[in-house]
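Listed here are the chains, written in short residue letters.
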Amino acid sequence: MTSSPGGQRTELGRSEAADTQMTPSSMSFPLGGPTSTSRRGRRIFQSNIGATERRSQTSDQPSQQADPVVEANFIYGTTINESTARKQIREFFVSFKDEGSDEPKYIKRLDKVLDEANKELTAQKTAAGAADSEPVRSIYVDGVDVHQFDFQLYTWMVNFPSEIVPCMDSEVWQLALRRTQEAPAFSFQVKVLNLMESEHHPMRDLNPEHLETMISIAGVVMRCSDLIPEMDTGYFKCMTMNCSGAAQVALHDGRIQAPSTCPECNQKYSMTMIHNESTFTNKQLVKVQEAPESIPQGETPQTVVVYAFDDLYDVCQPGDRVNITGIFRASPVQLNNRSRNLRDIYRTFVDALNIQPSTTSENEVEEFEEEDIAKFKTLSEAPNLVDQLVNSLAPSIWELEDVKKGLLCQLFGAPTTPHARGDVNILLCGDPSTAKSQFLGYVHKLAPRGVKAVGSGSSAVGLTAYISRDPDTRELVLESGALVLSDRGVCCIDEFDKMPDQTKAILHEVMEQQTVSVAKAGIVCSLNARTAVLACANPKHSRWDEKISVIENLTLSPNLISRFDLIYLMLDRRDESTDIRLATHITKMFGEGLSTQAEPPLEPKFMQQYIAYSRSVCEPKIVDGSDAERQIQQTYTTLRREGGASGQGVVSVTVRNLESLIRLSKSLARMSLRTEVSVEDVNEAMRLIRAATFKAAVDPTTGKVDMNLLATGMSASMVAREQSVQEFVTQVLQEGPVTMKTSELLVRVSRKLTDAGDKTATDAEIQKSLRYMSDRGMVRASGTGSDQQVTFLGALAAAATLA
């Protein structure tokens, strides 16, 4: 993709179509999408300055004498004198300095861009023997600097961006020309950012008075389209025999106007566009939605369409929180493709000048100030670092330090390797009113990126991806769901137990492989969902029953529960001293004592920056042969040995628990910005697993930890009890009679269990054994309830099954 050799676009000076004696023609080539007033269609009246100078200094174009500066040149549609505006822009770039600096800020920035361009140009010449540098270079201008330097210039830039920003592009190119004494081989684009607060508008407040003005919006990226090649310069060639006439026509007002006459043979309507010789630029559609915290209560989220051009292509990804500075525009909409009639309602969009992702995920290095980096390193060396982080996370929630430590491990995460995920999954379950949802809200605010969902209102396609039809092209496109939008972040799911079974099945792949496989409407792909899952679940009987297992309390499958690294049981136990302290804490928080509450050690914004910095620069490792590695191996083998020593087939730890131990150890090391995992990290990670997952995996009948309870839903003691009941049912049926009532079978089996020193059987256990035997053709059941009878079909089948 190429551009004209000057710094400003062709619209700023005389159009190249004028050099080809182009006259208005009935034939035009409208471009796809709302570009009739795009950034490439700025309107400036008699703005010849700079364009003729560039043509005179470029060898491949005819030399022309520069036009004199006319003081009466006004920008079309405004009362702004172009010469005055250019003079003020030039003074701003040359004169503005930061406080405490002796060198102009933007001259220094321009020199840096020129040096980088020259290095790339030299490297390309050395590598390939030819230069293929980028056609556009960006110069970032802070709106606050413009406001501080010249309020009038800032007002012009905000109210007439389509006219002033091209002048800024041109002046930057002229400055580069003066500093290098040669015409740059690329153009410049000024990217304005950080406007004053008065130009920051919520999406739902945008109205017609903001059209054609510079605005700033913030939101979450919901969709990014594929690359859309947009024509920047059209190449036309005469089709008359023996005529070599050709013309290049630049984009103007969103259209490429075809020459009506050949510049050489003067043949009418003989010029045809040659697409292979035309130049194109990058274009991308970005759909941005309001951030969840900025949506008024009871309102639906608003979306804005943003068009990104040139180097803004692929700057953001779905799920990113972004701050966008651009020009709010409107374009007419045709009734249909066969008619030129337009609708009376225009389609609005934002022509992006700059897109800033406001969050940084792992493997995305954000530029932090040296002062902030120094604060981060000082904090990481503090002896009470973990305590400060724990006290700063959800300070309004009383105690529960182990839960807060586990959530911090999830926020910091562990480095992802090709063999294992680095994200920590956590399940909070227990009695109501134990702050589960509040923890969810705090983590959602601190997470680098992510989406919050509710189980009862979520569907499978809403979590993964869904198919929609593009309003412009009418093609089927894939829209990202909550898990894909949370890529490299945290997906918070409340009311996890109320999620439909079909939706829960989606999470099996996401929580282990961290991908979402889609095969819908001819679209077959695998999307990244490298997200940590934080879920909250309530027991199915409202209150937690400690006499039964976690699987029986929750409506979740064992396969899904086993994928959580930490499972916290948050129970509301009665204790008078604890109740008094909790009541005192809550009354002070809601009463006058609120002002006397201690402030958290770290501000939420600083804590979020510290988490982002640690995720981007710190990747802890377990050194081969280190004490930490030996401690992990010893812990795992010891726990396995303890489970096997019971003689009941108890599994006290699994490989997934070992991977969780490694992940938690690395995340604890990352909190302190250390590159190596220590023995202390391993011990603390093991303590967190014991306090969380192991407590949830306690067999209620034996009081021992059995990880089979989470992996299969049945502990070793449950399996032994089931086998014992099955064995006695078979003995009673073999003793006869051949047909008996279920109630009689229950009495006789219970008597045998009592004689063996076990508790009596329940009707549910008998029915389960009968279903097992019926599936294998050993018995036949008839009737229901108390009248149900069981017929034994022979000892041969029973002997074969027992064998």
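An account of the accompanying structure is given in this report. Residue numbers here run from 1 along each chain, matching the order of that chain's written sequence. Totals for whole chains, interfaces and linings use every residue, but because this is a predicted model, local features are given only for residues with pLDDT of at least 70 and side-chain atom pairs only at 80 or more, for both listing and counting. Side-chain calculation: all heavy atoms of the structure are included, whereas hydrogens and water are not.

Remarks on the packing of aromatic side chains
- Pairing of aromatic rings covers Phe, Tyr and the six-membered ring of Trp, with a centre-to-centre limit of 6.5 Å; geometry is then stacked below 30 degrees between planes, edge-to-face above 60, and tilted otherwise. Scanning the entire structure with this criterion turns up 12 aromatic pairs.
- Members of the aromatic cluster, joined through ring pairs, are Phe92, Phe93, Phe96, Tyr106 and Phe149.

Section: helix α10 (residues 401-412)
- For α10, built from 12 residues, the straight-helix expectation of 16 Å at 1.5 Å per residue is met to within 8% by its first-to-last C-alpha distance of 16 Å.
- Partly exposed describes any residue whose relative accessible area lies between the buried limit of under 20% and the exposed limit of over 50%, with all areas from a 1.4 Å probe on protein chains only and scaled to the type maximum. Every helix listed is a DSSP run of H or I at least four residues long, and every strand listed is a run of E at least two residues long, numbered separately from the N terminus. With respect to burial, α10 is a largely interior element, 10 of its 12 residues being buried.
- Phi for Gly413, located one or two positions after α10, is positive at around 70°. Given a helix with a known number of residues, its expected span is that number minus one, times 1.5 Å.

Digging into the sheet that holds strand β21 (residues 532-537)
- Here, a strand pair is defined by DSSP locating no fewer than two bridges between the strands. One open sheet accounts for five strands, arranged β15-β18-β21-β14-β22; its pairing is parallel. One side of each edge strand has no neighbouring strand; the edge strands of this open sheet are β15 (452-454) and β22 (566-570). Each strand axis lies, on average, 15° off the axis of its neighbour in the sheet, ignoring direction.
- Sheet analysis places strand β14 (residues 426-430) next to β21, joined by four bridges and oriented parallel. The axes used here are C-alpha line fits, helices contributing only the stretch in contact, and every angle between their N-to-C directions lies in the interval 0 to 180 degrees.

Some words on helix α14 (residues 501-512)
- For α14, the set of buried residues is Thr503, Lys504, Leu507, Val510 and Met511. Buried residues along α14 cover an arc of 105° about the axis, so they all sit on one side. Turned more than 90 degrees off the buried face of α14, the exposed positions are Asp501 and Gln502.
- The contact criterion used is simple: two residues touch if any of their non-hydrogen atoms lie within 4.5 Å. Where the residues of α14 are buried, they touch α12 (460-463), α13 (482-485), β19 (515-520), β21 and α16 (558-561).
- Phi turns positive, to about 60°, at Gln514, one or two residues after α14. Arc definition: directions from the helix axis to the C-beta atoms.

A few points about the environment of Leu602
- Along the polypeptide, Leu602 turns up in the loop between α17 (576-590) and α18 (604-617).
- Residue Leu602 is classed as buried on the basis of its relative accessible area of 7%.
- Considered as a pair, Leu602 and Val390 are 212 residues apart in the sequence and their alpha carbons are 9.8 Å apart.

Observations concerning a nonpolar patch on the surface
- A surface patch of nonpolar side chains, amounting to about 300 Å² of accessible area, comprises Leu582, Ile586 and Phe590.
- Mapped onto the elements of the fold, Ile586 is located in helix α17. Patch definition: residues with relative accessible area over 30% and no salt bridge; like charges joined within 9 Å; nonpolar side chains (Val, Leu, Ile, Met, Phe, Trp, Tyr) joined within 5 Å. Areas reported here follow the Shrake-Rupley algorithm with a probe of radius 1.4 Å; residue values treat only the protein chains shown as occluding. Here a salt bridge means any side-chain nitrogen of Lys or Arg lying within 4 Å of a carboxyl oxygen belonging to Asp or Glu.

So, the sheet that holds strand β10 (residues 283-289)
- A barrel is described by the order of its strands in space; here five strands give the closed sequence β4-β10-β11-β13-β12, paired in mixed fashion. Shown here is a sheet whose adjacent strand axes are inclined to one another by a mean of 55°, direction ignored.
- Taken together, the 10 bridges between strand β12 (residues 321-331) and strand β13 (residues 347-357) define a ladder with antiparallel strand orientation. Among the inter-strand pairings, Ser331 is bridged to a residue of β13, identified as Arg347.

Some remarks on the side chain of Asn553
- As for its position among the elements, Asn553 is in helix α15 (residues 550-553).
- What makes Asn553 buried here is its relative accessible area of 1%.
- With residues up to four places along the chain from it excluded, the contact list for Asn553 reads Pro539, Lys540, Arg543, Trp544, Asp545 and Ile548.

So, a negative patch on the surface
- Together, Asp572, Asp575, Glu576 and Asp579 make up a negatively charged patch on the protein surface.
- With respect to the secondary-structure elements, Asp572 resides in the loop between β22 and α17.
- In this structure Asp572 comes out as partly exposed when scored by relative accessible area, which is 36%. We treat Lys and Arg as the positive residues and Asp and Glu as the negative residues; His and chain ends play no part in the count. Charge positions are represented by NZ for Lys, CZ for Arg, CG for Asp and CD for Glu.

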